[in-house]
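# A structural walkthrough
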Amino acid sequence: MYLSRLKIWNYRKFSQNENNTPGIIVPFHRNFNLLVGENDSGKTAIIDAIKIVLGTTSSESIPIDEDDFFIDENGNRSSTFCIECLFKGLSSREKGLFLEWLTFNEDGSSELRVILNAEKTYDFTKKKQIINKTIKTGTAGSEKALDNEARILLTTTYLKPLRD
């Protein structure tokens, strides 16, 4: 199984388009991927987006905060963001482990679509803003919650970036 595609809406420097399409779609190759770019081009945002959705094997806490929500050119901050990870090339074993969360395509192939939605809301009892996070899987329009045991199977090993 490999991460085939990452879609991001309103996360950090990536907005969403007027027709509600992702601000960025990052295709990944099955075997090897390399992110190269100038400072402040979004490389870290892409990696952090993956880490927020999947978690890491180090059980590193990856909090979502106000700065993760996109700010437009007028200074307006989005109240929601969405990150979608699409996995393809699942082995028979992986298909069995994720069976209830898989999307089955017309051509007979299957894939695992994992979506994180974050939304800022106000908690009137605590009198403060909170950020609600949900992680779901499945076919668009009929997603369901991904349980913790399945999510643990998706955790990634994060290696710090090489600098210069």
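To keep things clear, this report deals only with the structure shown in the data block. (Residues numbered from 1 in each chain as written. Predicted model: local features only at pLDDT ≥ 70, side-chain atom pairs only at ≥ 80, totals over all residues. Heavy atoms only, no water.)

## What to know about the pattern of salt bridges
Heads up, the condition is: Put simply, a salt bridge is a Lys or Arg side-chain nitrogen that is within 4 Å of an Asp or Glu carboxyl oxygen. Strands here are runs of E lasting at least two residues and helices are runs of H or I lasting at least four, both read from the DSSP assignment and numbered beginning at the N terminus. Burial status follows relative accessibility: with a 1.4 Å probe on protein chains alone, a residue under 20% of its type maximum counts as buried, one over 50% as exposed, and anything between as partly exposed.
Under the defined criterion, the tally for this structure stands at 9 salt bridges. For the salt bridge of D68 with R12, the shortest nitrogen-to-oxygen distance reads 2.9 Å. With D68 in the loop between α1 (43–54) and β3 (80–88) and R12 in the loop between β1 (2–9) and β2 (24–27), this pair connects stretches of sequence that are 56 residues apart. For D68, a relative accessible area of 4% translates into the label buried. Judged by relative accessible area, R12 falls into the partly exposed class, the value being 27%. With a shortest N-O distance of 3.7 Å, D48 and K51 are connected by a salt bridge. Of this pair, D48 and K51 both sit in helix α1, 3 residues apart, which is roughly one turn of that helix.

## Some details on the nonpolar core
One broad trend across soluble globular proteins is that nonpolar side chains are buried collectively. Note the following rule: For the purposes of this section, nonpolar cores are sets of buried Ala, Val, Leu, Ile, Met, Phe, Trp, Tyr and Cys residues that join through side-chain atoms within 4.5 Å. Only heavy atoms enter the contact rule, under which two residues are in contact if any of them lie within 4.5 Å.
Among the nonpolar cores identified, the biggest contains 33 residues, and L6 and L112 are the most heavily contacted of them. In terms of residues, this core owes the most to one element, α1, which gives 7 residues. Ignoring anything within four residues of it in the chain, the contact list for L112 reads M1, C85, L86, F87, L90, F98, W101, L102, T137 and L154.

## Thoughts on α1
Stated precisely, the cut-off is as follows: A helix's residues, less one, multiplied by 1.5 Å, set its expected span.
End to end, α1 covers 17 Å across 12 residues, agreeing with the expected 16 Å (1.5 Å per residue, within 8%). Inspection of α1 places A45, I46, D48, A49, I50, K51, I52, V53 and L54 among the buried residues, and these make up the whole buried set. Turning to α1, the residues buried within the fold contact β1, β2, β3, β5 (110–123), β6 (128–137) and α3 (148–153). Immediately beyond the C-terminal end of α1, within one or two residues, lies G55, with a positive phi of roughly 80°.

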